[in-house]
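# Secondary and tertiary structure notes
Spelled out, the chains give:
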Amino acid sequence: MTTLELERGCATPPAATDGAEPTILRERGQREVFCGLTGIVWLHRKMQDAFFLIVGSRTCAHLMQSAAGVMIFAEPRFATAILEERDLAGLADANEELDRVVDRLLARRNDIKVLFLVGSCPSEVIKLDLSRAAERLSTRHMPTVRVLNYSGSGIETTFTQGEDACLSALAGAAPTSTTKDASLLVVGAVADVVEDQFRRLFSDLGVGPVDFLPSRKAAEVAGIGPGTRYLLAQPYLRDVAGVLDERGAQRLPAPFPFGAEGTTAWLKAAADAWNVDPARFDDVVAGPHARATKALASRRALLDGKRAFFFPDSQLEIPIARFLSRELGVSLIEVGTPYLHRAHLEEELRMLPAGAKLSEGQDVDLQLERCRAARPDITVCGLGLANPLEAEGLTTKWSIELVFTPIQGYEQAGDLAELFTRPIVRRERLAV
Ligand code: SF4
(Lines give C-alpha, C1' and ligand atoms only; values in the text may rest on other atoms or scores of the structure.)
Protein backbone atom coordinates (compact mmCIF):
# COMPACT_ATOMS: atom_id res chain seq x y z
CA MET A 1 0.00 0.00 0.00
CA THR A 2 1.35 3.42 -0.88
CA THR A 3 0.40 7.00 -0.28
CA LEU A 4 1.49 9.44 -2.93
CA GLU A 5 1.92 13.15 -2.52
CA LEU A 6 0.99 15.03 -5.66
CA GLU A 7 -0.29 18.52 -6.38
CA ARG A 8 -3.17 19.80 -4.25
CA GLY A 9 -6.50 19.94 -6.05
CA CYS A 10 -9.58 22.12 -5.64
CA ALA A 11 -12.72 21.69 -3.61
CA THR A 12 -16.11 20.59 -4.96
CA PRO A 13 -16.82 18.57 -8.11
CA PRO A 14 -19.07 20.41 -10.52
CA ALA A 15 -22.39 18.78 -11.42
CA ALA A 16 -23.33 17.57 -14.88
CA THR A 17 -26.15 19.47 -16.50
CA ASP A 18 -29.12 17.83 -18.18
CA GLY A 19 -28.11 16.24 -21.47
CA ALA A 20 -24.61 17.71 -21.31
CA GLU A 21 -21.40 15.80 -20.79
CA PRO A 22 -20.57 15.67 -17.11
CA THR A 23 -17.91 18.09 -16.03
CA ILE A 24 -15.22 16.36 -14.12
CA LEU A 25 -13.20 17.59 -11.20
CA ARG A 26 -9.58 16.56 -11.65
CA GLU A 27 -7.73 16.30 -8.37
CA ARG A 28 -4.05 15.80 -7.91
CA GLY A 29 -3.14 15.44 -4.28
CA GLN A 30 -2.42 12.84 -1.69
CA ARG A 31 -4.16 9.61 -2.59
CA GLU A 32 -4.63 6.10 -1.33
CA VAL A 33 -3.61 3.30 -3.66
CA PHE A 34 -3.20 -0.43 -3.41
CA CYS A 35 -0.66 -2.11 -5.63
CA GLY A 36 -1.25 -4.22 -8.75
CA LEU A 37 0.14 -7.39 -7.17
CA THR A 38 -3.34 -7.84 -5.70
CA GLY A 39 -4.60 -8.95 -9.13
CA ILE A 40 -2.76 -12.24 -8.67
CA VAL A 41 -5.38 -13.19 -6.07
CA TRP A 42 -8.13 -13.47 -8.68
CA LEU A 43 -5.98 -14.15 -11.75
CA HIS A 44 -4.39 -17.31 -10.34
CA ARG A 45 -7.84 -18.75 -9.66
CA LYS A 46 -8.94 -18.14 -13.24
CA MET A 47 -5.84 -19.38 -15.05
CA GLN A 48 -5.60 -22.94 -13.93
CA ASP A 49 -2.13 -23.79 -15.23
CA ALA A 50 -0.45 -20.44 -14.62
CA PHE A 51 2.03 -19.58 -11.89
CA PHE A 52 2.83 -16.06 -10.70
CA LEU A 53 6.35 -15.52 -9.40
CA ILE A 54 6.62 -12.11 -7.80
CA VAL A 55 10.15 -10.78 -7.89
CA GLY A 56 9.99 -8.56 -4.86
CA SER A 57 10.63 -7.97 -1.21
CA ARG A 58 9.30 -9.40 2.03
CA THR A 59 6.72 -6.59 2.01
CA CYS A 60 5.36 -7.90 -1.31
CA ALA A 61 5.25 -11.45 0.09
CA HIS A 62 3.37 -10.26 3.17
CA LEU A 63 0.90 -8.27 1.10
CA MET A 64 0.12 -11.32 -1.02
CA GLN A 65 -0.14 -13.65 1.94
CA SER A 66 -2.54 -11.41 3.78
CA ALA A 67 -4.60 -10.52 0.69
CA ALA A 68 -4.89 -14.13 -0.49
CA GLY A 69 -4.97 -15.75 2.93
CA VAL A 70 -7.69 -13.54 4.30
CA MET A 71 -9.86 -13.21 1.27
CA ILE A 72 -9.72 -16.54 -0.52
CA PHE A 73 -8.44 -20.02 -0.02
CA ALA A 74 -4.85 -19.73 -1.18
CA GLU A 75 -3.44 -22.28 -3.57
CA PRO A 76 0.24 -22.69 -4.26
CA ARG A 77 0.14 -21.00 -7.63
CA PHE A 78 1.96 -17.87 -6.69
CA ALA A 79 5.09 -17.20 -4.71
CA THR A 80 7.61 -14.45 -4.09
CA ALA A 81 11.26 -14.68 -5.09
CA ILE A 82 12.59 -12.40 -2.39
CA LEU A 83 15.26 -9.92 -3.33
CA GLU A 84 17.68 -9.91 -0.39
CA GLU A 85 19.91 -7.04 0.63
CA ARG A 86 22.77 -8.44 -1.45
CA ASP A 87 20.57 -8.31 -4.58
CA LEU A 88 19.34 -4.84 -3.76
CA ALA A 89 22.87 -3.61 -3.18
CA GLY A 90 23.96 -5.08 -6.53
CA LEU A 91 26.35 -7.52 -4.84
CA ALA A 92 24.68 -10.64 -6.22
CA ASP A 93 23.63 -11.42 -9.78
CA ALA A 94 19.86 -11.34 -9.40
CA ASN A 95 19.42 -12.85 -12.88
CA GLU A 96 21.38 -15.95 -11.95
CA GLU A 97 19.38 -16.30 -8.75
CA LEU A 98 16.14 -15.90 -10.66
CA ASP A 99 17.11 -18.54 -13.22
CA ARG A 100 17.92 -20.96 -10.41
CA VAL A 101 14.58 -20.31 -8.66
CA VAL A 102 12.63 -20.77 -11.91
CA ASP A 103 14.49 -23.95 -12.86
CA ARG A 104 13.81 -25.43 -9.45
CA LEU A 105 10.15 -24.46 -9.55
CA LEU A 106 9.53 -25.85 -13.03
CA ALA A 107 11.40 -29.07 -12.30
CA ARG A 108 9.04 -29.66 -9.36
CA ARG A 109 5.80 -28.49 -10.97
CA ASN A 110 4.97 -29.98 -14.35
CA ASP A 111 1.40 -28.61 -14.12
CA ILE A 112 2.69 -25.09 -14.87
CA LYS A 113 2.23 -24.09 -18.52
CA VAL A 114 2.65 -20.35 -18.26
CA LEU A 115 4.86 -18.62 -15.74
CA PHE A 116 4.56 -14.90 -15.05
CA LEU A 117 7.53 -13.04 -13.63
CA VAL A 118 5.78 -10.22 -11.80
CA GLY A 119 7.79 -7.05 -11.26
CA SER A 120 7.49 -5.06 -8.03
CA CYS A 121 8.76 -1.77 -6.62
CA PRO A 122 12.05 -3.34 -5.46
CA SER A 123 12.74 -5.10 -8.78
CA GLU A 124 12.07 -1.83 -10.57
CA VAL A 125 14.28 0.14 -8.20
CA ILE A 126 17.27 -2.12 -8.96
CA LYS A 127 16.25 -2.08 -12.65
CA LEU A 128 16.05 -5.83 -12.93
CA ASP A 129 15.02 -6.36 -16.56
CA LEU A 130 12.27 -8.95 -16.24
CA SER A 131 11.32 -8.82 -19.92
CA ARG A 132 14.81 -10.02 -20.86
CA ALA A 133 14.68 -12.60 -18.08
CA ALA A 134 11.31 -13.83 -19.39
CA GLU A 135 12.69 -14.10 -22.94
CA ARG A 136 15.75 -15.98 -21.73
CA LEU A 137 13.74 -18.36 -19.56
CA SER A 138 11.09 -18.87 -22.23
CA THR A 139 13.75 -19.95 -24.71
CA ARG A 140 15.00 -22.41 -22.14
CA HIS A 141 11.60 -23.84 -21.15
CA MET A 142 9.50 -23.63 -24.32
CA PRO A 143 7.49 -25.45 -25.62
CA THR A 144 6.52 -26.88 -22.21
CA VAL A 145 6.30 -23.56 -20.38
CA ARG A 146 5.95 -20.03 -21.69
CA VAL A 147 7.50 -17.39 -19.47
CA LEU A 148 5.98 -13.89 -19.59
CA ASN A 149 6.45 -10.82 -17.45
CA TYR A 150 4.51 -7.79 -16.29
CA SER A 151 4.71 -5.19 -13.57
CA GLY A 152 2.55 -5.28 -10.46
CA SER A 153 4.45 -2.39 -8.92
CA GLY A 154 2.49 -0.15 -6.60
CA ILE A 155 3.95 3.15 -7.69
CA GLU A 156 1.16 5.34 -9.05
CA THR A 157 -1.15 2.46 -9.94
CA THR A 158 -4.53 1.18 -8.90
CA PHE A 159 -4.84 -2.44 -7.82
CA THR A 160 -6.77 -3.43 -10.96
CA GLN A 161 -3.92 -2.34 -13.23
CA GLY A 162 -2.13 -5.58 -12.37
CA GLU A 163 -4.78 -7.45 -14.36
CA ASP A 164 -4.47 -5.00 -17.24
CA ALA A 165 -0.70 -5.50 -17.32
CA CYS A 166 -0.99 -9.29 -17.05
CA LEU A 167 -3.55 -9.54 -19.86
CA SER A 168 -1.47 -7.17 -22.01
CA ALA A 169 1.43 -9.64 -21.70
CA LEU A 170 -0.87 -12.51 -22.67
CA ALA A 171 -2.41 -10.58 -25.58
CA GLY A 172 1.04 -9.63 -26.85
CA ALA A 173 2.15 -13.27 -26.78
CA ALA A 174 -1.02 -14.75 -28.29
CA PRO A 175 -0.67 -16.33 -31.74
CA THR A 176 -1.59 -14.31 -34.82
CA SER A 177 -4.79 -15.19 -36.60
CA THR A 178 -4.82 -14.29 -40.29
CA THR A 179 -8.44 -15.19 -40.99
CA LYS A 180 -10.86 -12.37 -41.71
CA ASP A 181 -13.75 -14.48 -40.38
CA ALA A 182 -15.19 -12.78 -37.32
CA SER A 183 -14.57 -14.24 -33.88
CA LEU A 184 -15.43 -12.78 -30.49
CA LEU A 185 -12.95 -12.30 -27.67
CA VAL A 186 -14.28 -11.43 -24.21
CA VAL A 187 -11.52 -9.59 -22.38
CA GLY A 188 -11.22 -9.48 -18.61
CA ALA A 189 -10.98 -12.13 -15.91
CA VAL A 190 -14.51 -13.28 -15.13
CA ALA A 191 -15.47 -16.13 -12.81
CA ASP A 192 -15.91 -19.51 -14.50
CA VAL A 193 -19.63 -19.50 -13.75
CA VAL A 194 -19.97 -16.15 -15.55
CA GLU A 195 -17.92 -17.37 -18.50
CA ASP A 196 -20.16 -20.44 -18.84
CA GLN A 197 -23.33 -18.30 -18.78
CA PHE A 198 -21.97 -15.91 -21.42
CA ARG A 199 -20.88 -18.81 -23.62
CA ARG A 200 -24.42 -20.21 -23.51
CA LEU A 201 -25.98 -16.84 -24.33
CA PHE A 202 -23.61 -16.20 -27.25
CA SER A 203 -24.24 -19.69 -28.54
CA ASP A 204 -28.04 -19.18 -28.36
CA LEU A 205 -27.60 -15.90 -30.20
CA GLY A 206 -25.46 -17.51 -32.90
CA VAL A 207 -22.47 -15.29 -32.04
CA GLY A 208 -19.14 -17.01 -32.27
CA PRO A 209 -16.65 -18.55 -32.15
CA VAL A 210 -16.09 -17.09 -28.68
CA ASP A 211 -12.90 -17.05 -26.65
CA PHE A 212 -12.00 -15.50 -23.32
CA LEU A 213 -8.87 -13.64 -22.32
CA PRO A 214 -7.55 -14.92 -19.98
CA SER A 215 -8.45 -18.47 -20.92
CA ARG A 216 -8.69 -21.12 -18.23
CA LYS A 217 -5.84 -23.12 -19.77
CA ALA A 218 -2.77 -21.71 -21.51
CA ALA A 219 -3.34 -23.98 -24.52
CA GLU A 220 -6.80 -22.43 -25.12
CA VAL A 221 -5.41 -18.97 -25.86
CA ALA A 222 -7.09 -17.48 -28.94
CA GLY A 223 -5.30 -16.21 -32.03
CA ILE A 224 -5.65 -12.45 -32.58
CA GLY A 225 -5.97 -10.69 -35.90
CA PRO A 226 -8.21 -8.63 -38.19
CA GLY A 227 -11.21 -10.92 -37.63
CA THR A 228 -11.10 -10.48 -33.86
CA ARG A 229 -13.94 -8.43 -32.35
CA TYR A 230 -13.57 -7.89 -28.65
CA LEU A 231 -15.83 -6.94 -25.77
CA LEU A 232 -14.36 -5.64 -22.54
CA ALA A 233 -15.83 -7.29 -19.44
CA GLN A 234 -14.04 -4.86 -17.11
CA PRO A 235 -13.56 -1.09 -17.41
CA TYR A 236 -9.90 -1.01 -16.39
CA LEU A 237 -8.29 -2.71 -19.39
CA ARG A 238 -6.88 0.23 -21.29
CA ASP A 239 -3.46 -1.27 -22.00
CA VAL A 240 -4.67 -4.66 -23.15
CA ALA A 241 -7.15 -2.93 -25.46
CA GLY A 242 -4.20 -1.00 -26.89
CA VAL A 243 -2.32 -4.24 -27.58
CA LEU A 244 -5.37 -5.81 -29.22
CA ASP A 245 -5.99 -2.72 -31.36
CA GLU A 246 -2.38 -2.77 -32.52
CA ARG A 247 -2.81 -6.38 -33.56
CA GLY A 248 -5.79 -5.49 -35.77
CA ALA A 249 -8.62 -6.49 -33.41
CA GLN A 250 -11.70 -4.24 -33.16
CA ARG A 251 -13.39 -3.26 -29.92
CA LEU A 252 -17.17 -3.43 -29.81
CA PRO A 253 -18.16 -0.30 -27.86
CA ALA A 254 -20.64 -1.13 -25.12
CA PRO A 255 -21.52 -0.40 -21.52
CA PHE A 256 -20.16 -3.01 -19.10
CA PRO A 257 -22.17 -6.13 -18.24
CA PHE A 258 -23.29 -5.07 -14.77
CA GLY A 259 -26.98 -5.35 -13.97
CA ALA A 260 -29.80 -6.34 -16.31
CA GLU A 261 -29.52 -3.19 -18.40
CA GLY A 262 -25.73 -3.22 -18.77
CA THR A 263 -25.68 -6.93 -19.62
CA THR A 264 -28.36 -6.51 -22.28
CA ALA A 265 -26.54 -3.59 -23.92
CA TRP A 266 -23.23 -5.48 -23.77
CA LEU A 267 -24.69 -8.59 -25.41
CA LYS A 268 -26.49 -6.41 -27.96
CA ALA A 269 -23.18 -4.91 -29.09
CA ALA A 270 -21.99 -8.40 -30.06
CA ALA A 271 -25.39 -9.38 -31.50
CA ASP A 272 -25.38 -6.29 -33.74
CA ALA A 273 -21.85 -7.02 -34.95
CA TRP A 274 -23.08 -10.51 -35.93
CA ASN A 275 -26.31 -9.13 -37.44
CA VAL A 276 -28.48 -11.15 -35.09
CA ASP A 277 -32.15 -10.70 -35.79
CA PRO A 278 -33.65 -8.39 -33.07
CA ALA A 279 -36.53 -10.83 -32.46
CA ARG A 280 -34.06 -13.63 -31.83
CA PHE A 281 -32.07 -11.38 -29.50
CA ASP A 282 -35.19 -10.51 -27.50
CA ASP A 283 -36.17 -14.15 -27.34
CA VAL A 284 -32.75 -15.28 -26.03
CA VAL A 285 -32.38 -12.60 -23.36
CA ALA A 286 -36.02 -12.47 -22.21
CA GLY A 287 -35.75 -15.27 -19.60
CA PRO A 288 -32.46 -14.26 -17.92
CA HIS A 289 -33.39 -10.58 -18.13
CA ALA A 290 -36.66 -11.28 -16.30
CA ARG A 291 -34.80 -13.26 -13.61
CA ALA A 292 -32.33 -10.39 -13.12
CA THR A 293 -35.13 -7.81 -12.91
CA LYS A 294 -36.94 -9.95 -10.33
CA ALA A 295 -33.76 -10.39 -8.28
CA LEU A 296 -33.21 -6.63 -8.32
CA ALA A 297 -36.76 -5.73 -7.31
CA SER A 298 -36.43 -6.86 -3.69
CA ARG A 299 -33.05 -5.11 -3.33
CA ARG A 300 -34.44 -1.96 -4.87
CA ALA A 301 -36.89 -1.68 -2.02
CA LEU A 302 -33.91 -1.30 0.32
CA LEU A 303 -31.74 0.91 -1.86
CA ASP A 304 -34.23 3.25 -3.52
CA GLY A 305 -33.53 6.81 -2.44
CA LYS A 306 -30.25 5.96 -0.68
CA ARG A 307 -27.25 8.22 -1.37
CA ALA A 308 -23.88 6.85 -2.46
CA PHE A 309 -20.37 8.30 -2.48
CA PHE A 310 -17.54 6.64 -4.41
CA PHE A 311 -13.88 7.14 -3.58
CA PRO A 312 -11.56 6.38 -6.51
CA ASP A 313 -10.07 2.91 -6.16
CA SER A 314 -10.96 0.07 -8.52
CA GLN A 315 -11.83 1.93 -11.77
CA LEU A 316 -15.19 0.14 -11.61
CA GLU A 317 -16.81 3.16 -10.02
CA ILE A 318 -18.58 4.68 -13.05
CA PRO A 319 -20.30 1.51 -14.35
CA ILE A 320 -21.28 0.46 -10.83
CA ALA A 321 -22.64 3.94 -10.11
CA ARG A 322 -24.65 3.79 -13.33
CA PHE A 323 -26.10 0.42 -12.26
CA LEU A 324 -26.96 1.61 -8.75
CA SER A 325 -28.57 4.76 -9.99
CA ARG A 326 -30.58 3.42 -12.95
CA GLU A 327 -31.61 0.01 -11.68
CA LEU A 328 -31.80 0.52 -7.93
CA GLY A 329 -32.78 4.16 -7.50
CA VAL A 330 -29.62 5.18 -5.65
CA SER A 331 -28.70 8.85 -5.92
CA LEU A 332 -25.08 9.64 -6.56
CA ILE A 333 -23.37 12.23 -4.40
CA GLU A 334 -19.94 11.92 -5.99
CA VAL A 335 -18.41 9.29 -8.24
CA GLY A 336 -14.63 9.32 -7.96
CA THR A 337 -12.47 7.31 -10.31
CA PRO A 338 -8.68 7.00 -10.34
CA TYR A 339 -8.53 7.46 -14.13
CA LEU A 340 -11.23 8.25 -16.59
CA HIS A 341 -10.64 6.45 -19.85
CA ARG A 342 -13.23 8.21 -21.94
CA ALA A 343 -13.03 5.99 -25.01
CA HIS A 344 -14.04 2.91 -23.02
CA LEU A 345 -16.52 4.71 -20.79
CA GLU A 346 -18.35 6.77 -23.38
CA GLU A 347 -21.53 4.65 -23.25
CA GLU A 348 -21.44 4.60 -19.45
CA LEU A 349 -21.01 8.36 -19.16
CA ARG A 350 -24.05 8.87 -21.40
CA MET A 351 -26.14 6.70 -19.06
CA LEU A 352 -25.28 8.54 -15.85
CA PRO A 353 -28.09 10.67 -14.47
CA ALA A 354 -28.09 14.38 -15.12
CA GLY A 355 -26.36 16.12 -12.27
CA ALA A 356 -23.96 13.26 -11.50
CA LYS A 357 -20.80 14.64 -9.94
CA LEU A 358 -17.62 13.01 -11.14
CA SER A 359 -14.07 13.36 -9.92
CA GLU A 360 -10.87 11.92 -11.38
CA GLY A 361 -7.70 11.39 -9.37
CA GLN A 362 -7.72 12.23 -5.72
CA ASP A 363 -6.86 14.62 -2.98
CA VAL A 364 -7.89 12.34 -0.19
CA ASP A 365 -8.24 14.95 2.55
CA LEU A 366 -10.48 17.19 0.48
CA GLN A 367 -12.53 14.24 -0.65
CA LEU A 368 -12.94 12.99 2.91
CA GLU A 369 -14.21 16.44 3.87
CA ARG A 370 -16.81 16.31 1.10
CA CYS A 371 -17.84 12.80 2.10
CA ARG A 372 -18.20 13.68 5.79
CA ALA A 373 -20.23 16.76 4.93
CA ALA A 374 -22.57 14.76 2.68
CA ARG A 375 -23.09 11.85 5.17
CA PRO A 376 -23.86 9.28 2.43
CA ASP A 377 -25.89 6.14 3.19
CA ILE A 378 -23.18 4.05 1.53
CA THR A 379 -19.55 4.89 0.80
CA VAL A 380 -17.59 2.75 -1.66
CA CYS A 381 -13.89 2.95 -0.92
CA GLY A 382 -10.60 1.13 -0.50
CA LEU A 383 -9.62 -0.88 2.54
CA GLY A 384 -7.53 1.93 4.01
CA LEU A 385 -10.47 4.34 4.27
CA ALA A 386 -13.21 1.91 5.21
CA ASN A 387 -12.36 1.38 8.88
CA PRO A 388 -11.94 5.04 9.83
CA LEU A 389 -15.17 5.93 8.02
CA GLU A 390 -17.04 3.08 9.71
CA ALA A 391 -15.73 4.36 13.04
CA GLU A 392 -17.27 7.73 12.18
CA GLY A 393 -20.64 6.06 11.67
CA LEU A 394 -20.59 5.83 7.88
CA THR A 395 -21.58 2.62 6.11
CA THR A 396 -18.90 1.41 3.69
CA LYS A 397 -18.38 -1.14 0.96
CA TRP A 398 -14.86 -2.28 0.07
CA SER A 399 -14.41 -1.69 -3.64
CA ILE A 400 -12.02 -4.66 -3.87
CA GLU A 401 -15.01 -6.96 -3.27
CA LEU A 402 -16.36 -5.86 -6.63
CA VAL A 403 -13.41 -7.60 -8.23
CA PHE A 404 -13.36 -10.70 -6.03
CA THR A 405 -17.09 -11.38 -6.43
CA PRO A 406 -18.68 -12.65 -9.67
CA ILE A 407 -20.84 -9.66 -10.61
CA GLN A 408 -21.11 -9.66 -14.41
CA GLY A 409 -24.18 -10.93 -16.22
CA TYR A 410 -27.88 -11.43 -15.58
CA GLU A 411 -27.64 -14.19 -13.01
CA GLN A 412 -25.24 -12.16 -10.85
CA ALA A 413 -27.24 -8.89 -10.92
CA GLY A 414 -28.94 -9.73 -7.62
CA ASP A 415 -25.59 -10.60 -5.98
CA LEU A 416 -24.15 -7.31 -7.16
CA ALA A 417 -27.04 -5.41 -5.58
CA GLU A 418 -26.66 -7.53 -2.46
CA LEU A 419 -23.10 -6.26 -2.02
CA PHE A 420 -24.66 -2.86 -1.32
CA THR A 421 -27.73 -3.91 0.63
CA ARG A 422 -25.76 -6.07 3.10
CA PRO A 423 -23.76 -3.30 4.79
CA ILE A 424 -26.86 -1.08 4.93
CA VAL A 425 -28.92 -3.82 6.56
CA ARG A 426 -26.07 -4.56 8.99
CA ARG A 427 -25.79 -0.90 9.98
CA GLU A 428 -29.56 -0.61 10.42
CA ARG A 429 -29.54 -3.68 12.69
CA LEU A 430 -26.69 -2.23 14.75
CA ALA A 431 -28.61 1.00 15.13
CA VAL A 432 -31.67 -0.76 16.60
S1 SF4 B 1 4.96 -4.03 -5.23
FE2 SF4 B 1 5.50 -2.16 -4.10
S3 SF4 B 1 3.55 -1.44 -3.21
FE4 SF4 B 1 3.27 -3.60 -3.81
S5 SF4 B 1 3.73 -4.77 -1.94
FE6 SF4 B 1 5.63 -4.68 -3.19
S7 SF4 B 1 6.71 -2.90 -2.37
FE8 SF4 B 1 4.57 -2.71 -1.66
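Our subject is the structure listed above.
The model shown is predicted, which means the values in this text are computed figures rather than measured ones.

## A closer look at the overall build of the protein
When helices and strands are counted, the protein shows 17 helices and 16 strands. Whereas a compact globule of 432 residues would reach a radius of gyration of roughly 22 Å, the protein reaches 22 Å, a difference of no more than 12%. Projected onto its principal axes, the C-alpha positions of the protein cover 60 × 50 × 40 Å. Of all 432 residues assigned to the protein, the portion counted as buried reaches 49%.

## Description of the site of the ligand
By nearness alone, 13 residues border the ligand, and Cys35, Cys60, Ser120, Cys121 and Gly154 come closest of all. Here the element with the most residues in the shell around the ligand is helix H2 (residues 58–71); it accounts for three residues. Split by residue class, the shell around the ligand holds five nonpolar, eight polar and no charged.

## Here's the deal with the environment of leucine 385
By secondary structure assignment, the location of leucine 385 is in helix H15 (residues 383–391). With 22 C-beta atoms packed within 10 Å, leucine 385 lands in the buried category. Taking C-alpha positions, leucine 385 is 26 Å from glycine 56, a pair spaced 329 residues apart along the chain.

## Here we look at the pairing of strand S12 (residues 307–310)
Bridge count for S12 against strand S13 (residues 331–337) is four bridges, and the pairing is parallel. Bridge pairing in S13 places alanine 308 opposite leucine 332. As for the winding sense of the linkage, the β-α-β connection from S12 through helix H12 (residues 317–328) to S13 is right-handed. Bridging between S12 and strand S15 (residues 378–381) involves three bridges; their strand directions are parallel. By the bridge assignment, alanine 308 is partnered in S15 with isoleucine 378.

## A few points about the sheet that holds strand S9 (residues 210–213)
Taken in spatial order, the four strands make up an open sheet running S9-S8-S10-S11, and their pairing is parallel. Unpaired on one side and paired on the other, S9 and strand S11 (250–251) mark the two borders of the sheet. With five bridges joining them, strand S8 (residues 183–187) and strand S10 (residues 228–232) adopt parallel strand pairing. The partner of serine 183 across the bridge, within S10, is threonine 228.

## With respect to the nonpolar core
Within the largest apolar cluster, 125 residues are counted, with the highest numbers of intra-cluster contacts made by Leu53, Phe116 and Val187. Per-element accounting of this core gives the leading share, seven residues, to helix H11 (residues 278–303). Each residue touching valine 187, except ones within four places of it in the same chain, is listed here: Leu167, Leu213, Tyr230, Leu231, Leu232, Ala233, Leu237 and Val240.

## Notes on unusual backbone geometry
With glycine set apart, most residues show a phi of negative sign, and most peptide bonds adopt trans. That bond from methionine 142 to proline 143 is cis: its omega, 5°, falls within 30 degrees of zero. With respect to the helices and strands, proline 143 occurs in the loop between helix H6 (130–141) and strand S7 (146–151). A cis geometry characterises the amide bond from leucine 213 onward to proline 214, with omega recorded as 5°. Phi is positive for arginine 375, which is not a glycine, with a value near 45°. For arginine 375, the position within the fold is in the loop between helix H14 (364–374) and S15.

## A short note on the sheet that holds strand S14 (residues 358–362)
Pairing in this open sheet of six strands is parallel, and the strands run S2-S14-S13-S12-S15-S16 from one edge to the other. Two strands in the sheet have a free side with no partner beyond their single neighbour: strand S2 (24–28) and strand S16 (396–398). When the angles between neighbouring strand axes are averaged without regard to direction, this sheet yields 20°. This element, H12, spans S12, S13 and S15 of the sheet and lies at about 170° to S13. Packed onto the sheet, H14 meets S2, S12, S13, S14 and S15 and runs at close to 170° relative to S13.

## Remarks on the packing of helix H10 (residues 259–273) against H12
Here H10 crosses H12 at 120°, and the two axes come no closer than 8 Å. It follows that H10 is oblique to H12 by the angle criterion. Taken together, the residues of H12 that come into contact with H10 (itself represented by Gly259, Ala260, Glu261 and Gly262) are Pro319, Phe323, Arg326 and Glu327. Across the contact of H10 with H12, the residue classes tally to three nonpolar, two polar and three charged.

## So, the pairing of S14
Burial runs high along S14: four of the five residues are buried. Relative to S14, S13 runs parallel, the two sharing three bridges. Directly across from glycine 336, in S14, lies its bridge partner serine 359. At this point the chain moves from S13, through helix H13 (residues 342–351), to the parallel S14, and the crossover so formed is right-handed.

Cut-off values and rules
- Residues numbered from 1 in each chain as written.
- Predicted model: local features only at pLDDT ≥ 70, side-chain atom pairs only at ≥ 80, totals over all residues.
- Helix = DSSP H or I, 4+ residues; strand = E, 2+ residues; numbered from the N terminus.
- Rg over C-alpha atoms; globule rule 2.2 N^0.38 Å.
- Buried ≥ 20, exposed ≤ 12 C-beta atoms within 10 Å, placed from the backbone.
- Near = placed C-beta within 6 Å.
- Nonpolar A, V, L, I, M, F, W, Y, C, P; charged D, E, K, R; others polar.
- Pairing = 2+ DSSP bridges.
- Right-handed = clockwise from strand over helix to strand, strands pointing away.
- Core = buried A, V, L, I, M, F, W, Y, C linked by C-beta atoms within 7 Å.
- Contact = placed C-beta atoms within 7 Å.
- Axes fitted to C-alpha atoms, helices over the stretch in contact; angles between N-to-C directions.
- Parallel < 35°, antiparallel > 145°, perpendicular 65-115°, else oblique.

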